[in-house]
Amino acid sequence: MAQSSRRQDARRREELAAAALRNESVAAQVLIDEFVATAAARKLVAEPLRALLIDGTRVKSDQVGWYINKSQTLAIAPDGRFFQMLTTGGRFARFTGVKLMPSPPPLVVGSGGRDGETGDLKDFLERTLIEYAP
């Protein structure tokens, strides 16, 4: 019985953690949607996004948008999708580019990262509006 209870407790903790991540992404998406609306109102031009392969090579991607961090590893598309630009690529990625898949957005950018570029998503989005201003 004790082992079954521990499994149930572990499963419940996983469910609570997953729910917390979903709630965080929903709140982050609200901020991103506001950013996209402001970017459209200010007529900010989205640029072709380049992905960063694991080996450090920059390659073209199938997306346009705005980078939100200095290392250009996070971006927002004009339709509000959030992209992590660090990706794997096959042998021909340098020639063919990569197809990016959107990720659930975080409220805190770079949490647990080592590049020193961490902070609230809201601050990153505000800075991006300034940097892309015509």
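Structure's up top.
Quantities reported herein were computed from a predicted structural model and do not represent experimental measurements.

Enquirer: How would you summarise the overall build of the chain if you had to cite specific residues and measurements?
Expert: Counting its regular elements, the chain contains three helices and seven strands. Along the chain, helices and strands appear, N-terminal first, in the series α-β-β-β-β-β-α-β-β-α. A compact globule built from 134 residues would reach a C-alpha radius of gyration of about 14 Å, whereas the chain, at 18 Å, exceeds it by more than 25%. Relative to its 134 residues, the chain shows a buried fraction of 32%. Considering only contacts in the chain between residues 6 or more positions apart, those separated by 24 or more positions represent 49%. Here the chain displays about 8700 Å² of accessible surface, and carbon together with sulfur accounts for 55% of that area. Taking the average location of the 19 positive side-chain charges in the chain and that of its 16 negative ones, the two points are 6 Å from each other.

Enquirer: For the sheet that holds strand β2 (residues 58-67), give the residues involved together with the corresponding values.
Expert: By way of backbone hydrogen bonds, the strands of a sheet pair with one another, either parallel or antiparallel. Ordered in space as β4-β3-β2-β1-β5, the five strands form an open sheet in which the pairing is mixed. Every other strand in the sheet has two partners, leaving β4 (82-84) and β5 (86-87) as the edge strands with one partner each.

Enquirer: How would you sum up the side chain of Glu 117? Please name residues and give values.
Expert: Examined against the element boundaries, Glu 117 turns out to sit in the loop between β6 (108-109) and β7 (119-120). Buried within the structure, Glu 117 lacks any salt-bridge partner; its nearest side chain of opposite charge belongs to Arg 127, at an N-O separation of 4.2 Å. Reaching out from Glu 117, the side chain makes a polar contact with the backbone nitrogen of Lys 70 at a distance of 2.5 Å. If near-sequence neighbours (up to four positions away) are discounted, Glu 117 is found in contact with Asn 69, Lys 70, Ser 71, Val 109, Gly 110, Phe 124 and Arg 127.

Enquirer: Can you break down helix α3 (residues 121-131) residue by residue, with the values?
Expert: Note: α-helices contain 3.6 residues per turn, so residues at a spacing of three or four share the same orientation. Burial in α3 covers these residues: Leu 121, Phe 124, Leu 125, Thr 128 and Leu 129. One side of α3 holds all its buried residues, which, seen down the axis, span an arc of 140°.

Enquirer: Quick rundown of the pairing of strand β1 (residues 47-53)? Include the residues and the values.
Expert: As paired elements, β1 and β2 share five bridges and run antiparallel to each other. Bridged to Ala 51 within β2 is Val 59. Hairpin connection between β1 and β2: a loop of four residues separates the two successive antiparallel strands, and Gly 56 in this loop has a positive phi of roughly 95°. The sheet contact formed by β1 and β5 spans two bridges and is parallel.

Enquirer: Run through the packing of aromatic side chains, naming residues and quoting values.
Expert: One pass over the full model with this rule turns up one aromatic pair. Considering the side-chain rings of Phe 35 and Trp 66, the 5.5 Å spacing of their centres and the 85° angle between planes classify their relative orientation as edge-to-face. Within this pair, whereas Phe 35 is found in helix α1 (residues 2-41), its partner Trp 66 is found in strand β2, the two being separated by 31 residues in sequence. Take Phe 35 and Trp 66: they sit in the same class, and that class is buried. Directly above the aromatic system of Phe 124 lies the positively charged group of Arg 127, at a separation of 4.6 Å from the ring centroid.

Enquirer: For the pairing of β2, give the residues involved together with the corresponding values.
Expert: Where β2 lies against strand β3 (residues 74-76), two bridges are found, and the strand directions are antiparallel. Bridging across to β3, Trp 66 finds its partner in Ile 76. Hairpin connection of β2 to β3: six residues between the antiparallel strands, including Gln 72 at a positive phi of 55°.

Cut-offs used in this document
Residues numbered from 1 in each chain as written. Predicted model: local features only at pLDDT ≥ 70, side-chain atom pairs only at ≥ 80, totals over all residues. Heavy atoms only, no water. Helix = DSSP H or I, 4+ residues; strand = E, 2+ residues; numbered from the N terminus. Rg over C-alpha atoms; globule rule 2.2 N^0.38 Å. Buried < 20%, exposed > 50% of the residue type's maximum accessible area, 1.4 Å probe, protein only. Contact = heavy atoms within 4.5 Å. Areas by Shrake-Rupley, 256 points an atom, 1.4 Å probe, with all protein chains shown as cover. Lys, Arg positive; Asp, Glu negative; His and termini not counted. Charge placed at Lys NZ, Arg CZ, Asp CG, Glu CD. Pairing = 2+ DSSP bridges. Salt bridge = Lys/Arg side-chain N within 4 Å of Asp/Glu carboxyl O. Polar contact = N/O pair within 3.5 Å; in protein donor to acceptor, adjacent residues only side chain to side chain. Arc of directions from axis to C-beta. Phe/Tyr/Trp six-rings, centres within 6.5 Å; stacked < 30°, edge-to-face > 60°. Lys NZ or Arg CZ within 6 Å of the ring centre and 35° of its normal.

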